[in-house]
Amino acid sequence: MVDIFEKLNDLNLSLQGESTNILASSSKIEAFKNKLILWQGELNKNNVDMFPCFSEFTKENNIDFLSFENIISRHMIKLGENFSKWFGKFPANEFGWIRDPFCFDAFESNIPLNEKEQLIEVSSDETLRIQFKSLTFQKL
């Protein structure tokens, strides 16, 4: 549990601060949800390296991890279900153009026509494309 709470605390801290925005936060949340899936797969292979405190504890005390496998596995599954329920999937088709207007298909978006036209103008400007690629999100 210590390891899970540490990872949740790290996620929580990364979602705070002046330079935090919904786009960056949604990426971090999606990454955490994917890590939960990865960790579940590693648990199924009897690997607990992603939980260093637990791994060290079981080794130091000569405890068989398999006796805890079901409990940890159920906890990971429930945590993943709750994350999906609480955060859902970020609607990239609606906001993906904000991340990168040059790699977004205006024709497939749900934005109003006048905004599609503006997006096409921006995404067709090679000078803007070069400038955009050289900037970080915080500078935009």
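Here the structure is a predicted model, which is why all the values come from computation and not from measurement.

Colleague: Can you help me understand the overall build of the protein in this one?
Modeller: Scanning the protein for helices and strands turns up seven helices and zero strands. Counting from the amino terminus, the protein carries its helices and strands in the arrangement α-α-α-α-α-α-α. On C-alpha atoms alone, the protein measures out to a radius of gyration of 21 Å, which is more than a quarter above the 14 Å that the 2.2 N^0.38 rule sets for 140 residues. Expressed as lengths along the three principal axes of its C-alpha atoms, the size of the protein is roughly 65 × 25 × 25 Å. Buried residues in the protein amount to 31% of all 140 residues.

Colleague: Can you walk me through the packing of aromatic side chains in this structure?
Modeller: Evaluated as defined, the whole model comprises seven aromatic pairs. A centroid spacing of 5.7 Å and a plane angle of 90° characterise the contact between Phe 54 and Phe 68, whose relative ring orientation is edge-to-face. Of the two residues, Phe 54 is situated in helix α3 (residues 52-60) and Phe 68 in helix α4 (residues 66-87); the sequence distance between them amounts to 14 residues. Judged by its relative accessible area of 15%, Phe 54 falls in the buried class. Residue Phe 68 is classed as partly exposed on the basis of its relative accessible area of 30%.

Colleague: Could you clarify how one ought to interpret the nonpolar core in this entry?
Modeller: A general trend in soluble globular proteins is that nonpolar side chains are found buried together. Core analysis: the biggest nonpolar cluster contains 16 residues, and Leu 36, Trp 39, Leu 43, Phe 51, Ile 72, Met 76 and Phe 83 have the highest contact counts within it. When contributions to this core are tallied by element, the ones reaching two or more residues are α1 (2-14), α2 (22-44) and α4. Examining the composition of this core, we find that five residues originate from one element, α2, more than from any other. Excluding residues that lie within four positions of it along the chain, Ile 72 makes contacts with Leu 43, Phe 51, Phe 54 and Phe 65.

Parameters and conventions
Residues numbered from 1 in each chain as written. Predicted model: local features only at pLDDT ≥ 70, side-chain atom pairs only at ≥ 80, totals over all residues. Heavy atoms only, no water. Helix = DSSP H or I, 4+ residues; strand = E, 2+ residues; numbered from the N terminus. Rg over C-alpha atoms; globule rule 2.2 N^0.38 Å. Buried < 20%, exposed > 50% of the residue type's maximum accessible area, 1.4 Å probe, protein only. Phe/Tyr/Trp six-rings, centres within 6.5 Å; stacked < 30°, edge-to-face > 60°. Core = buried A, V, L, I, M, F, W, Y, C linked by side-chain atoms within 4.5 Å. Contact = heavy atoms within 4.5 Å.

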